[in-house]
Amino acid sequence: MLYIIGLGLGDEKDITLRGLEAVKKCDRLYIEAYTSLLSFGLSSMGLSTLEELYGKPVTLADREMVEEKADSILSEAQHSNVGFLVVGDPFGATTHSDLVVRAKRAGIEVNVVHNASVMNAVGICGLQLYRYGETVSIPFFTEKWRPYSFYEKIKRNRGLGLHTLCLLDIRVKELTLESLCGGRKQYEPPRFMPINIAIEQLLEAVHNSGESVYGEDTTCVGFARLGSKDQKIVVGTMRQLLTVDFGAPLHSLVIVGETHPVEEEMLCFFAIKEENPKTEDNSSKQSVRYVA
């Protein structure tokens, strides 16, 4: 059997009781380490605090192993219990859906154990989850590659008055350009997009469009280490959030759409305090107020 087990967002203690029971049944455990940064004491070079809790070894499964060597994992699951541990919820990344499809095609029974993910944990800021539009990913721009595909999705969401969750780029064990051109495999240092870089790229995209779908005065919510004990949540304009030190990764960002009075009241608890409160103009369809 293949168990796909969500670990939640904070630390090793966030696993559910059902998830822990599944772990104890497993003969072999893998943990994905590429779609999220695990803050559970795990590094790409060492062991995790999970092993101490589980009392058994955990194999680090990077992108290369899961996308290129999934057959070996599934082969083990045909005659033993194999656990695939996922930060957040198992279906927070399309790669995990692909693993389930391949397992079912091979006749392997799959048992999924869900957990919290960034997709629902962002509700802590007070914005109602059913008022979100399509989620977007913001990739790191390079000198020659500056994709603005996320802009059209944000534009659609804004046109409907919906909030937009922006997932910020994570680059772990990415091959260098030299490696892609051939030769021995070498990897770039891990990179995790901070909120200020995301905002700079968002503003570049809207400037490039020549439109005013959002701008420096658009209200956003910045999240850092969501779900952990030292999580940080700040509400402010894009201009304001550019100067906020959110600390260590992971970061994510929400572009606020039209707000309900209850949402506004919740947002105020996390708002940057300023002496001269002001709101975005009517064209941006927002009315969140800042506390003085």
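Each remark here, short or long, concerns the structure printed above.
Here's a quick rundown of the structure.

Procedures and definitions
Residues numbered from 1 in each chain as written. Predicted model: local features only at pLDDT ≥ 70, side-chain atom pairs only at ≥ 80, totals over all residues. Heavy atoms only, no water. Helix = DSSP H or I, 4+ residues; strand = E, 2+ residues; numbered from the N terminus. Buried < 20%, exposed > 50% of the residue type's maximum accessible area, 1.4 Å probe, protein only. Contact = heavy atoms within 4.5 Å. Areas by Shrake-Rupley, 256 points an atom, 1.4 Å probe, with all protein chains shown as cover. Phe/Tyr/Trp six-rings, centres within 6.5 Å; stacked < 30°, edge-to-face > 60°. Lys NZ or Arg CZ within 6 Å of the ring centre and 35° of its normal. Pairing = 2+ DSSP bridges. Arc of directions from axis to C-beta. Salt bridge = Lys/Arg side-chain N within 4 Å of Asp/Glu carboxyl O.

### Focus: the overall build of the chain
Move 1: Within the chain, the regular secondary structure consists of 11 helices and 12 strands.
Move 2: Taken across its 292 residues, the chain has 48% of its residues classed as buried.
Move 3: When contacts within the chain are restricted to residue pairs at least 6 apart in sequence, those whose partners lie at least 24 apart make up 70%.
Move 4: For the chain, the exposed surface amounts to about 14700 Å²; the carbon and sulfur share of it is 52%.

### A look at the packing of aromatic side chains
Move 1: Scanning all chains against the criterion turns up three aromatic pairs.
Move 2: On the numbers, 6.0 Å between centres and 55° between planes, the contact of Tyr151 with Tyr214 is tilted. On the criterion of sequence distance, the pair formed by Tyr151 in helix 7 (residues 149-159) and Tyr214 in the loop between helix 9 (195-209) and strand 10 (219-224) is long-range, its members being 63 residues apart.
Move 3: The buried category is assigned to Tyr214, whose relative accessible area is 4%.
Move 4: Within the aromatic cluster, the residues linked to one another by ring pairs are Phe141, Tyr148 and Phe150.
Move 5: Above the face of the Phe140 ring, Arg191 is positioned so that its terminal group lies 3.9 Å from the ring centre.
Move 6: One residue, Lys232, lies across the ring of Phe246, its end atom 5.9 Å from the ring centre.

### As for the pairing of strand 10
Move 1: Counting buried residues along strand 10, six of its six residues qualify, which places the element largely inside the surrounding structure.
Move 2: Going residue by residue along strand 10, you find Thr219, Val221 and Phe223 tucked away on one face and Cys220, Gly222 and Ala224 tucked away on the opposite face as well.
Move 3: Across five bridges, the pairing between strand 10 and strand 12 (residues 251-255) is antiparallel. Opposite Phe223, over in strand 12, you have Ser252 as the bridge partner.

### Let's talk about helix 4 (residues 70-77)
Quick reminder: α-helices carry 3.6 residues per turn. Residues three or four places apart thus point the same way.
Move 1: When we look at burial in helix 4, the residues that qualify are Ala70, Ile73, Leu74, Glu76 and Ala77. Take helix 4 and look down its axis: the buried residues cluster within an arc of 155°, on one side only.

### Some points on the pattern of salt bridges
Move 1: All told, the structure shown has 11 salt bridges when counted by the stated rule.
Move 2: Of the charged contacts, one joins Glu134 and Lys153 as a salt bridge, the two residues approaching to 3.6 Å between their closest N and O atoms. Within this pair, whereas Glu134 is found in the loop between helix 6 (118-121) and strand 6 (136-138), its partner Lys153 is found in helix 7, the two being separated by 19 residues in sequence.
Move 3: Judged by its relative accessible area of 38%, Glu134 is partly exposed.
Move 4: On the basis of relative accessible area, Lys153 is assigned to the partly exposed category, the value being 29%.
Move 5: Close ionic contact of Glu204 with Arg146 constitutes a salt bridge, the shortest N to O distance being 2.8 Å. With Glu204 in helix 9 and Arg146 in the loop between strand 6 and helix 7, this residue pair connects regions lying 58 residues apart in the sequence.

### Looking at the environment of Met266
Move 1: Within the fold, Met266 resides in helix 11 (residues 261-268).
Move 2: The spacing of Met266 and Ile124 is 142 residues in sequence and 8.9 Å in space, taken between C-alpha atoms.
Move 3: Once residues lying within four places of it in the same chain are set aside, the contact partners of Met266 are Ile124, Cys125 and Gly126.

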